[in-house]
Amino acid sequence: MNRDINRREALILSGAAALAAATLPTAAKAADFVPPAKRTDSIFADMRGHHIAVRTPNLEEAKAFYIDKLEFRVIAEWDYADEKLAYIAPPTDDHFYIEILGGGDPQPQEVRPYTDLGDSLKYRGYHHFCLNVNSVDETVEKLRGRDVKIITEPFVLPAISRKLAFFSDPFGNLIELAEVLA
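Structural notes, computed from the coordinates. Quantities reported herein were computed from a predicted structural model and do not represent experimental measurements.

**Brief notes about the sheet that holds strand β4 (residues 97–103)**
An order of β1-β4-β3-β2 is seen for the four strands of this open sheet, with the pairing classed as mixed. This sheet does not close on itself; its edge strands, each paired only once, are β1 (51–56) and β2 (73–80). Here the average twist between neighbouring strands, direction ignored, is 20°. Where β2 lies against strand β3 (residues 83–89), seven bridges are found, and the strand directions are antiparallel. Residue V74 lies in a different strand from β3, and its bridge partner there is I88. Across the sheet, helix α2 (residues 59–69) is in contact with β1, β2, β3 and β4; its angle to β4 comes to roughly 150°.

**Focus: the environment of E179**
Inspection of the secondary structure assignment puts E179 in strand β8 (residues 174–180). Taking the C-alpha atoms as reference, E179 lies 6.0 Å from N132; in sequence the two are 47 residues apart. When residues no more than four places from it in sequence are discounted, the contact partners of E179 are V133, N134, S135, V136, D137, S161, R162 and K163.

**A word on the sheet that holds β8**
Taken together, four strands build an open sheet; the order of strands is β5-β8-β7-β6 and the sheet is mixed. The strands lining the two open edges of the sheet, one partner per strand, are β5 (128–132) and β6 (150–157). Across this sheet, the average inter-strand angle for adjacent strands is 20°, counted without regard to direction. Relative to β8, strand β7 (residues 162–168) runs antiparallel, the two sharing seven bridges. Across the sheet, residue F166 finds its bridge partner in β8, namely E176.

**A closer look at unusual backbone geometry**
Glycine aside, residues mostly have negative phi angles, and peptide bonds mostly take the trans form. For E71, which is not glycine, the phi dihedral falls at a positive 60°. If you trace the backbone, E71 turns up in the loop between α2 and β2. With a relative accessible area of 45%, E71 lands in the partly exposed category. With a phi angle near 50°, S161 is a residue other than glycine that sits in the positive phi range. Structurally, S161 can be placed in the loop between β6 and β7.

**Comments concerning the packing of aromatic side chains**
Enumeration over the complete set of coordinates arrives at five aromatic pairs. Measuring from ring centre to ring centre gives 5.1 Å for F65 and Y66, while their planes differ by 90°; the resulting arrangement is edge-to-face. A relative accessible area of 7% means that F65 is categorised as buried. Residue Y66 is classed as buried on the basis of its relative accessible area of 0%. Summarising the aromatic geometry, the rings of W78 and Y87 are spaced 5.0 Å apart at their centres and angled 65° between planes, so their arrangement reads as edge-to-face.

Parameters and conventions
- Residues numbered from 1 in each chain as written.
- Predicted model: local features only at pLDDT ≥ 70, side-chain atom pairs only at ≥ 80, totals over all residues.
- Heavy atoms only, no water.
- Pairing = 2+ DSSP bridges.
- Helix = DSSP H or I, 4+ residues; strand = E, 2+ residues; numbered from the N terminus.
- Axes fitted to C-alpha atoms, helices over the stretch in contact; angles between N-to-C directions.
- Contact = heavy atoms within 4.5 Å.
- Buried < 20%, exposed > 50% of the residue type's maximum accessible area, 1.4 Å probe, protein only.
- Phe/Tyr/Trp six-rings, centres within 6.5 Å; stacked < 30°, edge-to-face > 60°.

Rendered as structure tokens:
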């Protein structure tokens, strides 16, 4: 769905994009945010981001999407009780994983029936994760070529110097694409 985003959506997205910026290579940060000094004296100074998790009814179907459509790599797979789990990672990123939790009883229930970005902001809790790319437009076209559902067409958010777009996996999990603009 192609539409202008409202102020509330822009504020939420600007916070999400700021978090995503922390994983950009040094060269990309030249036109990016300047973070405040690290709090090395914090009692939590050892905390680092590692992964996000998505719950799906079927591990194999989820892996097929992320591997076949996005060319992610399988890092590890294991069983936990009656569930099947896996860590997957983007093609060239060894610092960001998605943990897929598949199967199990009871099966996960659909709780977010949204079809566009504005509607998605009505729900609390996990919203999306972000993948930085060199070109949002080129990435969206490649995803379309693989029949991936685009939720929000590319748009520029000047407040954070980003071009953004959103797509979803087969289970409705939102994924943001972000391009840092010079």
